[in-house]
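Structural characterization, general
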Amino acid sequence: MKTDEKQIRHGVALLAVIILILAITGGYMVIDRYLVGDEVVTYGMANSTDKGWMLSTGRIRAYFEDEILTDSVAQTIQNIAAFGMDLAKNRRGAAYFSYPRPEECGWYGKEQISDWFSIREDERLHLGDVYLNAMGDDANSYLYYELVHLSGSLFPAISATKWSAFLVNAVALVAVLLLLYGIAGYFTADTKRQLLVCLLFGCSVGCLDLSTYLRAYMLAMAFQLALLLVHLKLYQAMRDGMEKAVRRDIAGLLVLYPLGYIAHYTTGVWAVVLGIATLVWLKKNLTGQERKKNTRRYLICGILAVGIGILLDPMSVLGLFSKLSGTGTSPAQAIKESAAGFVASVFGNVLWMAGFCILFVINLVRSVRKAEKKDNRLVWLEWLLAGYCALIVLTTRFPYFKVAYPLMFLVIVMELNFFAETTQRPHRIKMVYSILAVVFTCSSLVYTYYNKNTEVRVSDQVEAALEATDTDRLILIREHAEGYECFPLLGRYESVYVLTNGEEKLDALLADTLIGEQKDITILITNTKADARTFQRWVSGHGFEDDMDILCKTGKYEVIKWHRE
C-alpha cells in the first residue's frame with residue numbers, strides 16, 4: 001500500500017512538472033506571433049495541395065516526375081536503382097544535383113497564397129499530397145508534416161495558424177519529458193533528481209526554443225529518447241536473462257527506429273552510435289553463447305529496422321546523403337558554430353558552461369585518482385553523447401544533436417550529485433545547488449523572452465510598413481530559400497510577383513514585371529547586399545528615385561512604396 005501511495009505521489013509530481021512546462025511554452029507561443037523561416041516551409045509541406053515549397057514543387061519531386069517515374073513499373077524500378085547507384089558512387093557529382101530547380105518567379109494570387117497555409121474542408125486528410133510535398137528540395141522526412149496536416153484536418157479553423165503545429169510539438173514535449181523521467185530512473189533511484197532533470201530541461205533555452213519552433217526536432221527527440229530507453233531496458237533484460245522481455249524490446253526497436261527515421265533522418269546517425277555502444281556493452285557484459293545469440297539477433301534487428309525505414313521513406317536517404325556530403329563549411333568552423341549553439345541551448349551562456357566544465361574536471365581528477373569511483377552508467381552516457389555529437393557535426397557539418405540536450409541535463413545533475421557526495425558537507429552543497437537551479441531557470445526564461453520579443457518587434461515593423469503602403473499589389477525580391485517568414489503577410493494582397501534571385505538576373509526579372517508602368521505598388525526586399533544594390537542600380541538607371549519611398553529598413557527586410565503618377 002505504501003509503495004502504491006509513493007508511486008501516486010511521484011506521478012502527481014511529474015504531472016505537475018509537465019503541466020508547468022506546457023504552460024510556460026504555451027505562453028511563449030502567445031508572444032511569438034509570427035512564423036519564421038522554415039516554420040513557413042512546415043505549413044507549405046503540410047497544408048499545400050500541390051507545392052510543398054509554395055513557389056514550386058521542389059527539385060527532387062520535379063526530378064522524379066521527369067526522370068524516374070514512367071508508365072512501366074519495371075522501367076521505374078530500373079531508373080530508381082540507377083539513381084541510387086549514381087548517388088552512392090558520385091555523391092555531389094550525381095546527375096540529380098545538376099538538375100535545374102523548377103521556375104519560381106511569377107504572379108501569385110490571393111487565393112493561391114491562402115492555399116499554401118490553410119486546409120479547406122475538401123482538402124482534409126490528403127496524406128498522400130503531404131508525402132509528395134516532402135520530397136521538395138532536400139528530401140525532408142515526412143512524419144512531422146503528416147501530423148501537422150492531421151492536426152489541421154481535425155481543426156481546420158486553426159490549420160493556417162501556428163497552433164496546429166504547436167499541438168504536435170506539445171504532444172511530443174510531453175512524450176520527451178516522460179521518456180526523460182524514465183531514462184533518469186536508470187541512472188538514479190532518487191525521484192527528486194529525476195524530476196529535477198525534467199524541470200531543468202523543460203525550462204532551458206533549448207527546450208523552450210524547440211518546443212515553440214514549428215519543425216520536426218521535438219518529435220524526432222521523442223523517438224530518439226524512446227530508442228535509448230528501449231536499449232536500456234534491453235540491456236537489463238539481457239543481463240537478467242529475461243527472454244520474454246528481450247523479445248519485446250527487440251520488437252520495440254523494430255517499430256521505433258523506422259518511425260524515428262521518418263520523423264528526422266538524423267535518427268539514422270543516432271541509431272549508429274547506439275548500435276556501436278550496444279555491441280561494446282554486449283562484449284563487456286555477456287559471455288559465451290548468450291553473447292553470440294544476443295549479438296546475432298540485435299544485428300538482425302538493426303538491419304531489418306534500417307530496411308523498413310528506407311522502405312517507408314526512401315527519399316530521405318537522399319537528404320541524408322546531401323547532408324553527409326558536407327556543405328562547404330570547414331570542420332573547424334562547423335565545430336565552432338556547433339559548440340556555440342550547444343552552449344546557448346543547454347547552458348544559456350558561457351559562464352554556466354565554464355562552471356560545469358570546472359566541476360566536471362574536478363570529478364574526473366577524483367575519479368582517475370580513485371578517490372571516488374564514478375558510476376559506470378554515467379561514464380557510459382557521457383561517452384555516448386560525446387560520440388554522437390562528434391559524429392553528427394563532423395559528418396553533416398550541422399548541429400543536429402538535439403537529442404543530446406535533455407540527456408545533457410541528466411549528466412549535469414548526476415555530476416553535481418557526485419561532487420556533493422564526495423565533499424565533507426554535502427547538504428550545504430545541495431543548498432547551493434538549489435539556489436543555482438533557481439537562478440539558472442529564471443535566466444533561461446528571461447533570455448528566451450528577450451529573444452522572442454526582439455524578433456516580434458522587428459516583424460511588427462515590417463507588418464506596420466506593409467499596412468502603411470495601402471496597395472493591393474506587391475513585388476517580393478528574394479534570394480533562393482530566403483524570405484519565407486514574410487510569406488504569411490502576402491495574403492493581404494490581391495496579387496504578388498515573386499522575384500527569386502539566382503534563377504535569372506534581377507534586373508531582367510524586374511523588367512518582366514513592367515514595374516515602370518505600375519502605380520501604387522509595394523516592394524519588399526529581403527535585405528541582402530546583392531539584392532539591395534541591384535535594385536538601387538536599376539532604380540537609378542531608369543530615373544525612378546523620386547517615385548519610391550522607403551518606409552522600413554531592418555536587418556532583414558526593406559519595404560518600399562512605388563507611387564508613380
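Going by the structure above, here's the rest.
My aim in this report is to walk through the structure given alongside it, one point at a time. (Residues numbered from 1 in each chain as written. Predicted model: local features only at pLDDT ≥ 70, side-chain atom pairs only at ≥ 80, totals over all residues. Heavy atoms only, no water.)

Right, let's talk about the environment of I429 for a bit. Structurally, the position occupied by I429 is in helix 20 (residues 426-469). Those residues in contact with I429, other than ones at most four positions away along the chain, are F419, A420 and T423. (Helix = DSSP H or I, 4+ residues; strand = E, 2+ residues; numbered from the N terminus. Contact = heavy atoms within 4.5 Å.)

The next point concerns the environment of V379. Within the element layout of this structure, V379 appears in helix 18 (residues 376-396). Residue class for V379 comes out partly exposed when judged on its relative accessible area of 27%. (Buried < 20%, exposed > 50% of the residue type's maximum accessible area, 1.4 Å probe, protein only.)

Another aspect to go through is the packing of helix 13 (residues 267-285) against helix 14 (residues 288-312). Their axes nearest at 10 Å, the elements helix 13 and helix 14 cross at an angle of 170 degrees. Here helix 13 lies roughly antiparallel to helix 14, going by the angle between them. In contact with L274, G275, T278, L279, L282 and K283 of helix 13, helix 14 contributes R291, N294, T295, Y298 and L299. When the residues that make up the contact of helix 13 with helix 14 are grouped by side-chain class, the tally is five nonpolar, four polar and two charged. (Axes fitted to C-alpha atoms, helices over the stretch in contact; angles between N-to-C directions. Parallel < 35°, antiparallel > 145°, perpendicular 65-115°, else oblique. Nonpolar A, V, L, I, M, F, W, Y, C, P; charged D, E, K, R; others polar.)

With that settled, consider the pairing of strand 2 (residues 473-479). Counted residue by residue, strand 2 has five buried out of seven residues, so it is predominantly covered. The pairing of strand 2 with strand 4 (residues 521-526) spans four bridges and is parallel. Along strand 4, the bridge assignment pairs L474 with T522. (Pairing = 2+ DSSP bridges.)

Let's shift gears to the environment of Y557. With respect to the secondary-structure elements, Y557 resides in strand 6 (residues 557-562). Each C-alpha atom of the pair Y557 and I477 lies 9.9 Å from the other, and the pair is 80 residues apart in sequence. A polar contact of 3.2 Å, which involves the side chain of Y557, links it to the side chain of E485. (Polar contact = N/O pair within 3.5 Å; in protein donor to acceptor, adjacent residues only side chain to side chain.)

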